[in-house]
Protein chains: 2
Amino acid sequence: MTALFAGPLRAAGSGPDPDAGLLAGGAAGPAALRPLLGTVLEALERGAVERGGPLPCGGPEAVAARVRAAAGAVLPREGVGAAAALDSLVGVVAEGAADPAEPLCAAHLHCPPLAVAAAADVAASALNPSMDSWDQAPAASELEALVCRELARLVFPGAAGAEDRPEASGRPDAAGPDAAGPDAAGPDALVTTGGTEANQLGLLLARESARGVRVVCGANAHHSVHRSAWLLGMEPPLVVPTPQGVLDPAAVGVALAGLGGAPSLVVATAGTTDTGAVDPLGGIAGVARRFGARLHVDAAYGGPLLFSEGLRGRLAGLEHAASVTFDLHKLGWQPVAAGFLAVPDGRVLRPLEHCADYLNAGDDTEAGLPDLLGRSLRTTRRPDVLKVAVTLRALGRAGLAGLVERTCAAAAELAGLVADGERFELYARPEISTVVFRPAGGDDALVARVRRRLLERGQAVLGRASLGGRLWWKVTLLNPAVLPGDLAALLKLVEEAMEEGSGA
Amino acid sequence: MTALFAGPLRAAGSGPDPDAGLLAGGAAGPAALRPLLGTVLEALERGAVERGGPLPCGGPEAVAARVRAAAGAVLPREGVGAAAALDSLVGVVAEGAADPAEPLCAAHLHCPPLAVAAAADVAASALNPSMDSWDQAPAASELEALVCRELARLVFPGAAGAEDRPEASGRPDAAGPDAAGPDAAGPDALVTTGGTEANQLGLLLARESARGVRVVCGANAHHSVHRSAWLLGMEPPLVVPTPQGVLDPAAVGVALAGLGGAPSLVVATAGTTDTGAVDPLGGIAGVARRFGARLHVDAAYGGPLLFSEGLRGRLAGLEHAASVTFDLHKLGWQPVAAGFLAVPDGRVLRPLEHCADYLNAGDDTEAGLPDLLGRSLRTTRRPDVLKVAVTLRALGRAGLAGLVERTCAAAAELAGLVADGERFELYARPEISTVVFRPAGGDDALVARVRRRLLERGQAVLGRASLGGRLWWKVTLLNPAVLPGDLAALLKLVEEAMEEGSGA
């Protein structure tokens with residue numbers, strides 16, 4: 001059998017090193033990365049210029065044809081080399097991007113990443129720590145524990161174990177021992193791939209807490225609540241209508257009463273996908289408590305309002321939840337992924353504990369090697385926490401609050417422009433940064449047509465929402481660098497597209 | 001309510017742009033990234049020098065203390081700025097890494113990423129495409145479709161729709177229309193966060209194929225098979241003992257006969273985590289067919305042998321599976337994450353189809369906007385495929401085959417050194433790149449102690465495996481740049497640590 005593998009393992013000292021520049025890690029990795037990163041930056045620059053706007057023009061077929069031309073055989077017999085592959089494929093992906101850094105790319109909860117976060121993420125790629133055992137991520141696993149506990153304390157400031165922190169005591173940069181381990185009391189959080197996985201974990205923890213737990217959510221809840229129940233083999237959620245766009249505590253009470261005392265999980269939303277509305281969390285928490293129901297809050301969108309002293313009051317009641325979905329790849333300007341599930345007491349995460357002898361054998365754990373496998377349902381796991389840690393430290397709470405406030409201010413300004421004119425109907429004043437509107441007197445077909453027209457021409461990326469039986473445009477502002485002139489330009493483009501008639 | 005958001009949205013033309021350098025995307029993003037990437041590379045270089053080996057010395061507490069000192073308050077009131085935050089946190093994570101680019105870091109399926117892949121990944125972070133709708137990832141979604149189909153054809157070369165490709169017809173770089181859509185017949189694959197999620201999807205597809213599907217797997221199967229069954233609300237897997245380290249087709253037949261015709265999913269492994277053993281796939285496929293059972297193969301480790309003409313025969317029978325876990329963050333040298341689930345016919349993925357009106361409304365899909373939501377259980381999703389596409393094109397099949405062959409050759413060489421000496425007992429000749437051995441005549445306590453000793457001193461990262469009732473060292477070689485001298489040095493360190501006696 002050995003002969004099968006008699007491959008070209010080379011001996012030391014056999015001439016110039018053919019592996020120079022091969023790997024991203026080690027002492028030689030940065031030197032290998034430097035010229036390749038230069039190629040990537042040039043391709044990104046060229047792609048943005050060639051695109052010349054928020055997205056490529058021509059629609060799906062035109063974009064696909066350019067990608068196919070650049071990709072060639074996808075897996076050729078002989079490679080073209082690193083520089084050529086980076087130049088062509090990064091170039092075509094940049095030219096064909098819907099770039100959220102462009103102010104008129106504003107459809108989805110799809111944020112433009114901060115440069116500092118994207119730069120930090122390179123270190124995750126180069127070092128490749130994997131978060132499933134200490135001996136694959138010694139420093140990154142400690143950093144994750146610190147960041148998770150700090151973000152959980154932001155969500156649950158009054159929970160046992162959340163007080164008496166350096167930050168809370170006014171010593172902003174004091175470093176000190178943090179005795180909390182994974183099993184310690186006090187707020188904690190898990191890193192997830194986003195709001196969807198965090199909601200899934202919230203439902204899973206509820207499923208494990210009692211037999212036959214029924215999920216109760218609003219019609220305004222994210223689709224991942226339904227998909228998670230399906231994935232986890234739970235009954236489909238009981239859906240409470242939300243004619244006002246938010247979950248009514250009284251209606252939740254009626255739904256819970258109808259379950260006759262069966263164990264249940266109420267899912268509320270702090271920042272809906274369609275309108276950015278925040279459910280009345282305090283009232284819902286009270287009803288849930290009265291019926292003995294567990295409460296999960298999906299704050300994937302609204303959670304970062306907590307950074308702002310002026311805005312955090314909008315989330316009053318959040319701290320009563322048993323679990324909270326929190327996400328920094330929306331109003332936190334991180335490259336995907338940067339999701340979290342926060343809980344008021346890390347001990348409630350015990351149902352996720354898991355043993356695999358090669359990763360967390362009992363004698364290793366007893367000897368002091370941290371057991372990390374219970375912190376995710378994934379095994380191998382990228383240290384997404386590094387970019388988050390760097391961002392929190394670079395901007396501080398005040399810097400993040402400023403970005404959140406500017407983004408919300410832009411939405412208020414756009415809503416004002418919509419409401420002041422005669423061409424549009426505004427759905428409601430934005431609660432976070434989503435502006436929903438439609439043509440005054442226009443029909444659904446016009447809304448859909450204008451949106452696709454702007455998309456195919458590469459002029460603007462608008463979203464859509466079905467509300468009250470009608471179709472609306474949705475502008476989700478997540479770009480803190482947007483200017484008032486951008487907002488006026490967006491409305492002008494929409495008006496022009498409306499006037500063109502119904503021809504495709 | 002508007003007053004609440006009267007934040008500092010600035011007017012255009014109000015002096016120098018305070019947002020210059022803020023965002024990673026747009027035409028100005030590369031210029032913002034350039035100096036920050038310089039800071040990151042310097043911190044990586046410094047960290048590697050300070051570490052001076054495969055991992056930091058001192059064990060968990062010493063590493064944690066250095067991280068806490070660098071992280072400070074984690075979320076300070078005022079930020080320290082991008083450069084300072086990058087310098088301190090990237091530096092401490094690099095200094096405290098278990099770096100798989102160091103040859104003596106060889107415990108786990110934890111690969112050193114290629115520089116070209118890590119560089120490409122920067123573009124994913126900067127542009128932040130999200131793969132859940134076309135209007136968040138116009139070009140990246142087409143690239144994903146191309147790469148997924150090409151990798152699936154590598155796994156299922158004989159499936160309908162897999163032939164008549166430019167590559168197969170000897171035109172290595174010919175670009176041409178690829179008519180296969182997500183619903184088209186022919187091999188296809190989904191991008192996952194790794195082998196664990198791919199196994200989970202394999203079980204989910206089986207669960208949805210019939211009522212009460214029972215999973216049958218070997219004792220050598222990855223722990224994620226069991227965890228996935230729990231997650232999905234399925235019965236715990238029926239475990240077939242594997243005293244020889246691989247699944248015996250006859251034993252699988254006995255297990256299936258015992259189920260009395262109930263629907264079942266057999267899970268086989270091509271490259272076990274403990275020893276890199278490959279189950280006899282052809283024989284298992286035959287037994288599964290005879291009993292009408294579905295077959296999933298976890299080839300997270302062994303799958304890339306398919307790149308090599310000399311080694312792909314080791315996976316004969318793989319093409320009979322209903323689904324295959326394939327992973328390029330092991331023997332594919334990608335930064336995490338780069339997992340795939342491959343299927344012989346894309347239509348079997350239909351149970352994952354899902355509708356969310358804001359992402360894939362019926363009229364948009366009819367108008368030609370691709371519907372991407374059914375390609376993952378995640379919603380927001382990073383374009384992990386970009387780094388994979390760049391790597392495939394840069395190295396080609398021959399380049400990847402060469403790296404796989406060199407890595408396997410290194411394992412054969414290490415096994416030879418172990419077998420030739422008198423101090424060690426070799427578990428078996430490696431089938432892929434895992435070498436399992438123990439001290440001749442030594443006990444389990446010695447194995448555990450030597451491993452932790454080398455770990456705490458920062459000298460080497462060895463893995464562990466419990467096999468045949470005894471504890472073994474496991475060396476998982478995934479570094480294609482390893483030299484024969486590195487292998488000898490590893491064994492010398494182990495011998496020295498063995499001689500030190502039992503004191504901690």
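Residues numbered from 1 in each chain as written. Chains lettered and ligands numbered in written order. Predicted model: local features only at pLDDT ≥ 70, side-chain atom pairs only at ≥ 80, totals over all residues. Heavy atoms only, no water.

Now for the overall build of chain A. The number of helices and strands found in chain A is 14 helices and eleven strands. Taken over C-alpha atoms, the radius of gyration comes to 25 Å for chain A, in line with the 23 Å a tight globule of 504 residues would show. For chain A, the spread of C-alpha atoms along the principal axes amounts to about 80 × 60 × 50 Å. The buried share of chain A, reckoned over its 504 residues, is 65%. (Helix = DSSP H or I, 4+ residues; strand = E, 2+ residues; numbered from the N terminus. Rg over C-alpha atoms; globule rule 2.2 N^0.38 Å. Buried < 20%, exposed > 50% of the residue type's maximum accessible area, 1.4 Å probe, protein only.)

Turning next to the nonpolar core. Core analysis: the largest hydrophobic core is formed by 227 residues, its most contacted members being Val297 of chain A together with Val297 of chain B. Core analysis: the next-biggest nonpolar cluster, separate from the first, contains 46 residues, Leu377 of chain A together with Leu201, Val225 and Leu341 of chain B among them. (Core = buried A, V, L, I, M, F, W, Y, C linked by side-chain atoms within 4.5 Å.)

Time to look at the packing of aromatic side chains. Residue and element names in this part refer to chain A. Counted by the stated rule, this structure contains ten aromatic pairs over all chains. Plain terms: the ring middles of phenylalanine 437 and tryptophan 473 are 5.3 Å apart, the flat faces sit at 55° to each other, and that makes the pair tilted. Taken together, the residues span a long stretch of sequence, with phenylalanine 437 in strand S9 (residues 434–439) and tryptophan 473 in strand S11 (residues 470–476) at a distance of 36 residues. By relative accessible area, which is 0% here, tryptophan 473 ends up buried. (Phe/Tyr/Trp six-rings, centres within 6.5 Å; stacked < 30°, edge-to-face > 60°.)

What follows deals with the packing of helix H2 (residues 59–71) of chain A against helix H5 (residues 138–155) of chain B. Packing of H2 of chain A against H5 of chain B leaves a shortest axis separation of 9 Å and a crossing angle of 50°. The angle between the axes of H2 of chain A and H5 of chain B places the two elements in the oblique class. Between H2 of chain A and H5 of chain B the crossing geometry is right-handed. Touching Val63, Ala64, Val67, Arg68 and Ala71 of chain A of H2 of chain A are Pro138, Ala139, Glu142, Leu143 and Leu146 of chain B, all from H5 of chain B. (Axes fitted to C-alpha atoms, helices over the stretch in contact; angles between N-to-C directions. Parallel < 35°, antiparallel > 145°, perpendicular 65-115°, else oblique. Left-handed = near helix turned anticlockwise from the far one by under 90°. Contact = heavy atoms within 4.5 Å.)

Attention now goes to the environment of leucine 414 of chain B. All names here are of chain B. Inspection of the secondary structure assignment puts leucine 414 in helix H12 (residues 385–420). The class of leucine 414 is buried, set by a relative accessible area of 0%. For the pair formed by leucine 414 and alanine 488, sequence separation is 74 residues and the distance between their alpha carbons is 7.8 Å. If we ignore the near neighbours within four places in the chain, the residues touching leucine 414 are Val435, Val475, Leu477, Leu487 and Leu491.

Another aspect to go through is the packing of helix H4 (residues 115–127) of chain B against H12 of chain B. Residues and elements named next belong to chain B. One way to put it is that H4 packs onto H12 with a least axis distance of 8 Å and a crossing angle of 140°. In this structure, H4 crosses over H12, and the sense of that crossing is right-handed. Only Leu386, Lys387, Val390, Thr391, Ala394 and Leu395 of H12 make contact with H4, whose side of the interface consists of Val116, Ala117, Ala120, Asp121, Ala123 and Ala124.

Okay, the sheet that holds strand S11 (residues 470–476) of chain B next. All names here are of chain B. What the four strands build is an open sheet, ordered S8-S9-S11-S10; its pairing is antiparallel. Edge positions in the sheet fall to strand S8 (424–426) and strand S10 (463–467), since each has one partner strand and no second. Along the sheet, successive strands turn relative to each other by an average axial angle of 40°, direction set aside. Both S10 and S11 contribute to a ladder of five bridges, which runs antiparallel. Bridging from a neighbouring strand, alanine 465 pairs with tryptophan 472 of S11. Most of the contacts of helix H13 (residues 444–456) go to S11, to which it runs at about 35°, and overall it touches strand S9 (434–439), S10 and S11. (Pairing = 2+ DSSP bridges.)

Before going further, it helps to examine unusual backbone geometry. Residues and elements named next belong to chain A. The step from valine 336 to alanine 337 runs through a cis peptide bond, and the omega angle for that step is 5°. Relative to the assigned elements, alanine 337 resides in the loop between strand S6 (323–327) and strand S7 (339–343). Not every positive phi belongs to a glycine, and asparagine 128 is a case in point at roughly 55°. Along the polypeptide, asparagine 128 turns up in the loop between helix H4 (115–127) and helix H5 (138–155). By relative accessible area, which is 2% here, asparagine 128 ends up buried.

This part is about the domain arrangement of chain A. Taken domain by domain, chain A holds domain 1 (2–97) and domain 2 (138–167 + 185–395). Between the C-alpha centres of domain 1 of chain A and domain 2 of chain A the distance comes to 37 Å. (Domains from an automatic or database assignment.)

The subject of this paragraph is the pairing of S6 of chain A. All names here are of chain A. Across the five residues of S6, five count as buried, placing the element largely inside the fold. Residues Ser323, Thr325 and Asp327 point to one face of S6 and Val324 and Phe326 to the other, with burial holding for every one of them. With four bridges connecting them, S6 and S7 associate as antiparallel partners. Bridging across to S7, valine 324 finds its partner in alanine 342.

Looking now at the confidence of the model for chain A. In low-pLDDT segments, the atomic positions of the prediction should not be examined closely. Residue and element names in this part refer to chain A. With 92% of its residues at a pLDDT of at least 70, chain A reaches an overall mean of 92. Taken as a whole, residues 1–7 scores under 50 in pLDDT and shows 15 contacts with residues more than four places along the chain or in a different chain. Predicted confidence for residues 164–183 stays below pLDDT 50, and this span has 39 contacts to residues more than four positions away or in other chains. The ipTM assigned to the predicted complex is 0.94, against a pTM of 0.95. (pLDDT = per-residue confidence, 0-100.)

Across the contact, 194 residues belong to chain B and 195 residues belong to chain A. Of the roughly 16700 Å² buried between chain B and chain A on both sides combined, carbon and sulfur atoms contribute 66%. Where chain B touches chain A, the interface holds 20 salt bridges. Here aspartate 364 of chain A makes a salt bridge to arginine 452 of chain B, at a shortest N to O gap of 2.8 Å. At the boundary of chain B with chain A, the tally comes to 76 residue pairs in polar contact (both at pLDDT 80 or more). Grouping the constituent residues of the side of chain B that touches chain A by class yields 115 nonpolar, 39 polar and 40 charged. (Buried area = accessible area lost by both parts, 1.4 Å probe. Salt bridge = Lys/Arg side-chain N within 4 Å of Asp/Glu carboxyl O. Polar contact = N/O pair within 3.5 Å; in protein donor to acceptor, adjacent residues only side chain to side chain. Nonpolar A, V, L, I, M, F, W, Y, C, P; charged D, E, K, R; others polar.)

We now examine the relation of the copies chain B and chain A. Placing chain B over chain A gives an RMSD of 0.0 Å and needs a rotation angle of 180°, together with 0.0 Å of translation along the axis. A rotation of that kind, with that shift, is consistent with a two-fold axis. Counting the interface residues of chain B, we find that 100% of their copies in chain A are interface residues as well, pointing to one common contact surface. (Least-squares fit on C-alpha atoms with pLDDT ≥ 70 in both.)

With that out of the way, let us pick up helix H12 (residues 385–420) of chain A. Residues and elements named next belong to chain A. Here H12 spans only 43 Å end to end across 36 residues, well under the 52 Å set by a 1.5 Å rise per residue. The sharpest bend along H12 comes to roughly 90°, located at glycine 396. Among the 36 residues of H12, 28 are classified as buried, and the element is accordingly described as predominantly covered. (Expected span 1.5 Å × (residues − 1). Bend = angle between axes of the 7 residues up to and from the residue.)

Turning our eyes to something else, we now look at the sheet that holds S9 of chain A. All names here are of chain A. Strand order in the open sheet formed by four strands is S8-S9-S11-S10, and the pairing between neighbours is antiparallel. What marks the edges here is a single partner per strand, and that holds for strand S8 (424–426) and strand S10 (463–467). Within this sheet the neighbouring strands show an average axis-to-axis angle of 40°, counted without direction. Relative to S11, S9 runs antiparallel, the two being bridged by four bridges. Its bridge partner lying in S11, valine 435 is registered against valine 475. Along the sheet, helix H14 (residues 484–498) makes contact with S8, S9 and S11, crossing S8 at roughly 130°.

Right, let's talk about the pattern of salt bridges for a bit. Within this structure, the stated rule accounts for 74 salt bridges over all chains. Aspartate 384 of chain B is the partner of lysine 387 of chain B in a salt bridge, and the nearest nitrogen-oxygen pair spans 3.4 Å. Ionic pairing is found between glutamate 500 of chain B and arginine 453 of chain B, a salt bridge with its closest N-O pair at 3.9 Å. You can see glutamate 500 of chain B sitting in the segment after helix H14 (484–498) and its partner arginine 453 of chain B sitting in helix H13, a full 47 residues away along the chain. Exposure remark for glutamate 500 of chain B: the relative accessible area of 40% places this residue in the partly exposed category. The network of salt bridges with shared partners includes Asp121, Arg382, Asp384 and Lys387 of chain A together with Asp121, Arg382, Asp384 and Lys387 of chain B.

Here the focus is the pairing of strand S1 (residues 188–192) of chain B. All names here are of chain B. The buried fraction of S1 amounts to five of the five residues, a majority that puts the element mostly inside the structure. Of the two faces of S1, the one holding Asp188, Leu190 and Thr192 and the one holding Ala189 and Val191 are both buried throughout. In this sheet, strand S7 (residues 339–343) lies alongside S1 in antiparallel orientation, the contact comprising five bridges. Residue alanine 189 lies in a different strand from S7, and its bridge partner there is alanine 342.

Here the focus is the environment of glutamate 45 of chain B. Summarising the element assignment, glutamate 45 of chain B is placed in helix H1 (residues 29–51). Overall, the relative accessible area of 25% leaves glutamate 45 of chain B in the partly exposed class. Residue contacts for glutamate 45 of chain B: discarding those within four places in its chain leaves Ala27, Pro30, Ala31 and Arg34 of chain A.

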